[in-house]
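Chain residues, written in single-letter form:
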Amino acid sequence: MKPAPFDYVRARTLDEALAALDADSKILAGGQSLVPMLNMRLVRPTRVVDINALPGLDGVRARADGGLDIGALTRHSDVLTAPLVKERAPLLAAAVAHVGHRAIRNRGTIGGSLAHADPAAELPAALLALDASALIAGRGGRRRVRLDEFLVGALTTALRADEILIGIEIPDARGAGWGFAEVARRPGDFAIAGVAALVQGGRDRCDSARLVAFGAHERPVRLRGAESVIAGASASAALGEQAAARTAADCRPPDDVHATAEYRAHLVRVLSEQAVRDAMSRTAG
Amino acid sequence: MTVARVRLRVNGHAVERTVAARRSLADLLREDLGLTGTHVGCEHGVCGACTVLVDGRTARACLLLAVQLEGTEVTTVEGLTPPEGLSVLQESFRECHALQCGFCTPGMLATAHELLAENAAPTRDEIRAAIAGNLCMCTGYVNIVRAIELAARRLAR
Amino acid sequence: MTGWVGRPLARKEDARLLAGRGRYLDDVCRPGQLHAAMLRSPHAHARIAGLDAREVAAIPGVHAVLTGADAAALSHPIRPLIPTAVPLDDWCLAVDRVRYAGEPVAAVAAVDRATAEDALETIRVEYEPLPAVVDPEAALRPDSPLLYPALGTNVLWHDVLAYGDVAGAFARADGVLRERFEIQRYASTPLETFGAIAEYDAGLDAYTFWTNDQRPGLTLAILADSLGVPQSRLRLITPDIGGAFGNKRRPAYLLVCALLARQAGRPVKYVEDRLENLGALMHACNGVMDVELAYRSDGTMLGLRVRDVADEGKNLISPTQHNLIKLGNIVNGYRIGAVSYEAYSVLTTKCPSGANRGIGKPFMCFAVERAVALLARRLRLDPAELRLRNYVAREEMPYTTPPGAQYDSGDYAATLRRALERFDYRGWRERQAHARAEGRLLGIGIATSVEPAGTNLASYELITGRRAASGSAEAAMVRLEPDGRVRAALGDPACGQGYETVVAQIVADELGLTPADVHVERGFDSATTPWLYLSGNYSNKFSVTDVGAVVGAARAVRDKLLRIAAHRLEAAVDDLELAEGQARVRGVPGRGLPLRELARTAYADVLGLPPGEPPGLEARHAHQNPLAQPLGADRTVRSQLVFSNAAHCCLVEIDRLTGMVRILRHVVVHDCGRELNPLIVEGMVHGSTVHGLGAALLEEFRYDANGQLLTSTFMDYLKPTAADVPDIEVDRLEHPSPFTPLGAKGVGEGGSIPAPAAVASAVEDALAELDVTVRSLPITPERVWRWLRGR
């Protein structure tokens, strides 16, 4: 299983990388998704642009507003262990723990995962729950796209062929309760389905919630029906269940060799309940 | 260019090669450098047979283009083996019968090496979680877990 | 002769394997070698209307190309194990028709694999698709698409074999349990894929092959036939093999390499990649077994009727193995006096079938053990108690089953009792009740099985009506070199079982040495290793034949050493012993000669030999297991030869919300007779059991209606990882076989046979309140969820 031939550019600057991109090129960051596809000849770019040497695109930094800036080239294993992530976006750490295995996490990048946009991937869903935005560089300058708009469909994002995702901005989520639950056939596998939850509120009331299901649609999907149950509701033991009862309408899960749509919809329901319950127990009160 | 030059260090030795851009690190190690201890089992990053250390961290050699390794330090099973005899980890594997056909073993050793470098006293569950990315078709994993536990105890002394 | 055999010695081969200094097939580099890639059919079934490979030659770095037409012109068809009613030609590449997605249609040899794959893309093939047939029952129907129209059917074998008074048993019965069981396609998938290097010597018109083929005897026969070259001009060498479990053979690939090598004038290496391995090498047969179990109301099992449909995929070369093996073991460990077995071996447009760990027996055991479990439920008997009532008793051994298998020794009841004790069966039943009260779903499953070793090829006469091969045998060589050091070789190439260590232990005991003193050749080399057609790694045969070959050769060398020593020491042979590297007079420490000295006599100072004794200290011995007999007139046959047995107890917990099954404990008590190396034996039990757990919960090759494999990578075909299985707890009994030289029995397949049934029973038990019946595998979370929901 060897790739078809391609040109290789090891970009030293962002401008060099951007200049090398065209409709037939692929960006190489972690390579954990790209290289298998190259090996199987499922993709046949004429040029691979290696951005691993671009300076300043990795790292987790605190934002003044209480959120986080994470460079797109930050490896999953660094996101997992970064004290700032544990402190300001523990939902993200919880999600990353489910990504593959150590060797994959050592190379795979948060930007790569987001740009690849696998509908069953944990990170895009967690980032959507965190209301993150993608920072994108193109030849014409930079732009910022909220994840609701960035994640377009299965393996499809708002990135244009001549753009590079350079960073992720996560707004202040301190004090929010979080929950993360997924079902996979084996630890580390892509999820059959999963839910990432972020709930804002106090001990007695939930102000708002962002509930995102993955493996449940063409892209990570906001469970708006469930969110509306939670928004403004008094915190009760049954709230999770009530919210979960309203998840089906927002899902359109796939049927595939691992599970039917029906089972996935069921999982979204039970995992939502669990994620909401966990989130509620974690809200600052 | 469909070929590129890469300079890296492998098991402490400087290496410089010009290779096809599409050549994997696994193939560079095995065919260009004769380091056949790193094995290829799937070429899509799942089986873990090709696991090596890149700048001290495990990585799948089948998912790295050789040309990406510019300026890095790669350690293979040959580099984890002392000039004479076996390392504490390897000796523990031998005593515990933690290998049968031996094909997964180099990748297992790299993974175990990383685990023990970070966690000097892993629990059985932690060991199992750590090696869950290395498939073994022969041992059923029981003795591999025992071997890593034994190595941890010995290294702690 | 005790000492080293029986000790849990760490393995001699480990030092090199741990240091990355093993030498597997892909590590072997022949000067000037080229790399081959294969073009494979995208269609499950199609006529090849045209193939144009002319552009290949223009690609730099390409040195040879082979099409099906070339293969047909340059080689003879591969001779099938089971001749068909109409002769059918099967070459190493598809010629005018493809019959499974992934079937090779052309091959290219180039300077590297990437270039070879590039070259494949220039080959244009015109396919005329034909309807696929993927379901074995559908393939049986008269209106089914046919893989071989000339044959007029997809059925390669159909027969009904009946033993004992079947009608009477069913007539006498108080009841009959009827169930249909299904098993999925899966495979053992050794981590190293299959491969070969072929080298052609034009001057000698001779070929040399390096390959991780586990059945060199069989493969050399096919190579000689197909290449039209006598075996004396073929050489086959196996390096270290990264696991085999039955999967490691495909003579067609060696033929492709040979023909490419001949064309290119350079060695050609082909190593299948993982996608090729999963899609096109071999799968264990999936199939359907309809079981009827006649019983008395006290639980005594009187008779068994089985209809077994084995889906062979496109396997013209070696079908019916699964059926035959199931037949030979069909009554499992039970005293069932009457058996009727209807076998179908059916072609479908899918990956060819082949041997796998357990080959057929996991399904046989699943079906029989499930039937027993369901019978226990029906009669409200404890499943262990029901088994104990029906086991063949230790005192009845050797016991001959209706199809003719002879169970040599064992105490099946004691094995089960020990397993229940080790598992703490009573304790866990109590804990289970508490857990149920808390709403948790814990389940306990039991499964027991016999585990045969050795295959008597005479059993194939049941199918073919004639005897081409028979018995079970292996060959070995033991040699003292002129420097007095010992070297041994075995016709059975090790694939991870530690033969270099165990053979050294056996030889060391015979010659009064330590295992460190005995060098065992890595693998097989037809030029130097003694071998037979029957030589190879299959059917758990090590204990049944290989040990005998090694012991025979070692004893011949021992006897010669003693004769030479007796002559030189002027002592009686009977007064001498071999110990501590010497031949010495028993009880007289000063009177002895080191082996080195005896070797000097035998190889250099030959005038010092006893009169009439030829020079040299080498013996080659082939051991035939005496239990193998020809087919009986009543169609009984000992198709397998000695029988281990095991009992598995499995504890699972089911997540009510998701249907996920977690195996909390898995206990195995096994009896493989004398354990030659308990450390190696236990490792086999661990590994084979985990194979079974994978088959129970995770592994499945799924096809769509068009014959496309949907689970074609390791991302979708799920192997068990360390995080999916618990520690396998192992205990043992030891009832030696009276019929093997050291009393050892088979152990390699063991756990893979009953483990799936144990898991199935545990899941069913966990869902007992829902009255669920597990009839097929794998047990996925979604299936469990549907049971929990009630449909």
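All values derive from a computational prediction rather than experimental measurement. (Residues numbered from 1 in each chain as written. Chains lettered and ligands numbered in written order. Predicted model: local features only at pLDDT ≥ 70, side-chain atom pairs only at ≥ 80, totals over all residues. Heavy atoms only, no water.)

Enquirer: What should I look at first to understand the overall build of chain A in this one?
Expert: Looking only at helices and strands, one finds 12 helices and 14 strands in chain A. Taking 2.2 N^0.38 as the reference for a compact globule, 285 residues should give roughly 19 Å; the C-alpha atoms of chain A span a radius of gyration of 19 Å, in line with that estimate. With respect to the three principal axes, the spread of C-alpha positions in chain A is 60 × 45 × 30 Å. For chain A, buried positions account for 61% of its 285 residues. For chain A, the share of sequence-separated contacts (at least 6 apart) that also reach a separation of at least 24 residues comes to 63%. (Helix = DSSP H or I, 4+ residues; strand = E, 2+ residues; numbered from the N terminus. Rg over C-alpha atoms; globule rule 2.2 N^0.38 Å. Buried < 20%, exposed > 50% of the residue type's maximum accessible area, 1.4 Å probe, protein only. Contact = heavy atoms within 4.5 Å.)

Enquirer: Sorry if this is basic, but what is going on with the sheet that holds strand E28 (residues 728-733) of chain C here?
Expert: Backbone-to-backbone hydrogen bonds pair the strands of a sheet. The strands run either parallel or antiparallel. Residues and elements named next belong to chain C. The sheet built from 4 strands is open, its strands ordered E18-E26-E27-E28 with mixed pairing. Of all the strands in the sheet, just strand E18 (441-455) and E28 have a single pairing partner and so form its edges. When strand polarity is set aside, the average angle formed by the axes of neighbouring strands in this sheet is 20 degrees. Note that strand E27 (residues 661-671) and E28 share 6 bridges and pair parallel. Bridge pairing in E28 links Asp671 to Leu733. Against the sheet, helix H12 (residues 412-423) makes contact with E18, strand E26 (640-654), E27 and E28, and its axis sits at roughly 25 degrees relative to E26, the strand it touches most. (Pairing = 2+ DSSP bridges. Axes fitted to C-alpha atoms, helices over the stretch in contact; angles between N-to-C directions.)

Enquirer: In this structure, what is going on with helix H19 (residues 755-766) of chain C? I would like to understand it.
Expert: Because each turn of an α-helix spans 3.6 residues, side chains separated by three or four positions in sequence point in the same direction. Under the 1.5 Å per step criterion, the end-to-end length of H19 of chain C is 17 Å for 12 residues, consistent within 8% with the ideal 16 Å. Most of H19 of chain C is tucked away, with 12 of its 12 residues classed as buried. (Expected span 1.5 Å × (residues − 1).)

Enquirer: Hey, could you run me through the interface of chain B and chain A in this one?
Expert: One widely used convention gives an interface's size as the accessible area the parts lose upon coming together. Every contact between the two is made by 27 residues of chain B and, on the other side, 29 residues of chain A. Taken together, both faces of the contact between chain B and chain A bury some 2,500 Å²; the carbon and sulfur share is 51%. Note that Glu118 of chain B is salt-bridged to Arg102 of chain A, the shortest N-O span being 2.5 Å. Those elements giving two or more residues to the side of chain B that touches chain A turn out to be strand E3 (51-54), strand E4 (57-60) and helix H4 (105-118) of chain B. Per-class residue counts for the side of chain B that touches chain A are 12 nonpolar, 7 polar and 8 charged. (Buried area = accessible area lost by both parts, 1.4 Å probe. Salt bridge = Lys/Arg side-chain N within 4 Å of Asp/Glu carboxyl O. Nonpolar A, V, L, I, M, F, W, Y, C, P; charged D, E, K, R; others polar.)

Enquirer: Looking at this structure, how should I read the interface of chain B and chain C?
Expert: The interface of chain B with chain C comprises 42 residues on the first partner and 53 residues on the second. Carbon and sulfur atoms supply 59% of the area that chain B and chain C bury against each other, a total of about 3,900 Å² over both sides. For chain B, the biggest contributors to the area lost against chain C are His97, Gln100 and Met137 of chain B; these three give 18% of the whole. For the pair chain B and chain C, the interface holds 6 salt bridges. When the shortest N-O distance is used, the salt bridge between Glu682 of chain C and Arg146 of chain B registers 3.4 Å. Viewed at the interface, chain C and chain B are joined by 19 residue pairs in polar contact (both at pLDDT 80 or more). Where the side of chain B that touches chain C is concerned, the elements lending two or more residues are helix H2 (77-80), helix H3 (88-95), H4, helix H5 (124-131) and helix H6 (142-156) of chain B. (Polar contact = N/O pair within 3.5 Å; in protein donor to acceptor, adjacent residues only side chain to side chain.)

Enquirer: Honestly, empty space enclosed by the protein in this entry has me stumped. Any pointers?
Expert: One way to see where empty space is left: roll a probe the size of a water molecule over the atoms. All names here are of chain C. Within the structure shown, the criterion is met by 12 cavities of 30 Å³ or more. Size it by volume and the largest cavity reaches roughly 130 Å³. Considering the residues around the largest cavity, the lining is formed by 17 residues, among which Arg16, Asp240, Ala494, Gly496 and Glu500 are closest to the centre. Around the second largest cavity sit 13 residues that line it, and Ala284, Cys285, His322, Gly360 and Phe363 are the ones nearest its centre. Going through the elements one at a time, helix H9 (321-329) and helix H10 (361-379) are the ones with two or more residues in the lining of the second largest cavity. Taken together, the residues that form the lining of the second largest cavity break down as 7 nonpolar, 4 polar and 2 charged. (1 Å grid on protein atoms, 1.4 Å probe; cavity = no way out; pocket = protein on both sides within 12 Å on 5 of 7 lines; lining within 4 Å. Points joined across faces, edges and corners; volume = space filled by probe spheres on them.)

Enquirer: Would you mind showing me how to read unusual backbone geometry here?
Expert: All names here are of chain C. Across the junction of Met397 and Pro398, the peptide omega takes the value -5 degrees, indicating a cis bond. Here the amide bond leading from Leu777 into Pro778 is cis, since omega sits at 0 degrees, within 30 degrees of zero. With respect to the helices, strands and loops of the structure, Pro778 is situated in the loop between H19 and helix H20 (781-789). We note that Thr189 has phi near 40 degrees; this positive angle belongs to a residue other than glycine. Structurally, Thr189 is set in the loop between strand E8 (175-183) and strand E9 (195-201). One non-glycine residue, Ile359, adopts positive backbone phi at about 20 degrees. Mapped onto the elements, Ile359 comes out in the loop between strand E15 (338-346) and H10. Here Ile359 falls in the buried class, since its relative accessible area comes to 8%.

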